Amino acid sequence: NLTGQAACVQCPAGEFQPERGQTSCDLCAAGGYCEVTDDCGGGFTPCLAGSYNEKTGSSSPDACQQCPVGTSSPIAGAVSSETCASCRAGTFG
C-alpha cells in the first residue's frame, strides 16, 4: 500500500522510472545502466559510443563492454556487439 507516503521512494540501482507519479520502478534496459540517482531523467544512462550492454538490470558503467580491437561503433546506448563494425581500410581502432 503506497497511500500516505511521507516521501517518495528512490528507485534502487538497476532500476529506473522516467515518468512522474508512478508506483514502481522498471528494470533498467539493455544498452545502458541505472545508478541510484534523484535526477529528473529517471536514472537511465546509455552506454557511450564505442561500447554496448546486452544485459538488463545493470547498475554501473562497468556493465558497458568496449567494442573489440579493430572495430568501432558511433551508436550510444547500443545493446549488442553487432553494432561494432570493423574499421575500414586506412583506419584503425
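About the thresholds
Residues numbered from 1 in each chain as written. Predicted model: local features only at pLDDT ≥ 70, side-chain atom pairs only at ≥ 80, totals over all residues. Heavy atoms only, no water. Helix = DSSP H or I, 4+ residues; strand = E, 2+ residues; numbered from the N terminus. Rg over C-alpha atoms; globule rule 2.2 N^0.38 Å. Buried < 20%, exposed > 50% of the residue type's maximum accessible area, 1.4 Å probe, protein only. Phe/Tyr/Trp six-rings, centres within 6.5 Å; stacked < 30°, edge-to-face > 60°. Disulfide = S-S within 2.5 Å.

Novice: Break down the overall build of the protein for me, with residues and values.
Specialist: When its secondary structure is counted, the protein shows 0 helices and 8 strands. Along the protein, helices and strands appear, N-terminal first, in the series β-β-β-β-β-β-β-β. In summary, the protein has a C-alpha radius of gyration of 17 Å against a globular reference of 12 Å for 93 residues, an excess of more than 25%. By the burial criterion, 27% of the 93 residues in the protein qualify as buried.

Novice: Requested: an account of the packing of aromatic side chains, with residues and values cited.
Specialist: Taken as a whole and assessed by the stated rule, the structure comprises 1 aromatic pair. With 5.8 Å between their ring centres and 45° between their planes, phenylalanine 16 and phenylalanine 44 make a pair best called tilted. Here phenylalanine 44 lies in strand β4 (residues 44-46) and phenylalanine 16 lies in strand β1 (residues 15-16), a separation of 28 residues in the sequence. In this structure phenylalanine 16 comes out as buried when scored by relative accessible area, which is 15%. A relative accessible area of 30% means that phenylalanine 44 is categorised as partly exposed.

Novice: Would you mind going over the state of the cysteines in detail, with residue names and values included?
Specialist: For the structure on display, the rule yields 4 disulfides. Disulfide pairing is shown between cysteine 11 and cysteine 25; the S-S distance is 2.0 Å. With the S-S bond torsion at -90°, the cross-link from cysteine 11 to cysteine 25 turns out left-handed. Of the two residues, cysteine 11 is situated in the segment before β1 and cysteine 25 in the loop between β1 and β2 (26-27); the sequence distance between them amounts to 14 residues. There is a disulfide in this structure between cysteine 47 and cysteine 64, and the S-S distance comes to 2.1 Å. When the S-S torsion is -85°, as for the bridge of cysteine 47 with cysteine 64, the disulfide is left-handed. Of the two residues, cysteine 47 sits in the loop between β4 and β5 (51-52) while cysteine 64 sits in the loop between β5 and β6 (65-66), which places them 17 residues apart along the sequence. By relative accessible area, cysteine 64 is classed as buried at 12%. Taken in N- to C-terminal order, the disulfide-linked cysteines of the protein are connected 1-2, 3-4, 5-6, 7-8. Cysteine 8 takes part in no disulfide bond, and the closest cysteine sulfur to it belongs to cysteine 11, at a distance of 10 Å. Note on cysteine 87: no disulfide assigned, nearest cysteine sulfur contributed by cysteine 67 at a separation of 9.2 Å. Residue cysteine 87 is classed as partly exposed on the basis of its relative accessible area of 23%.

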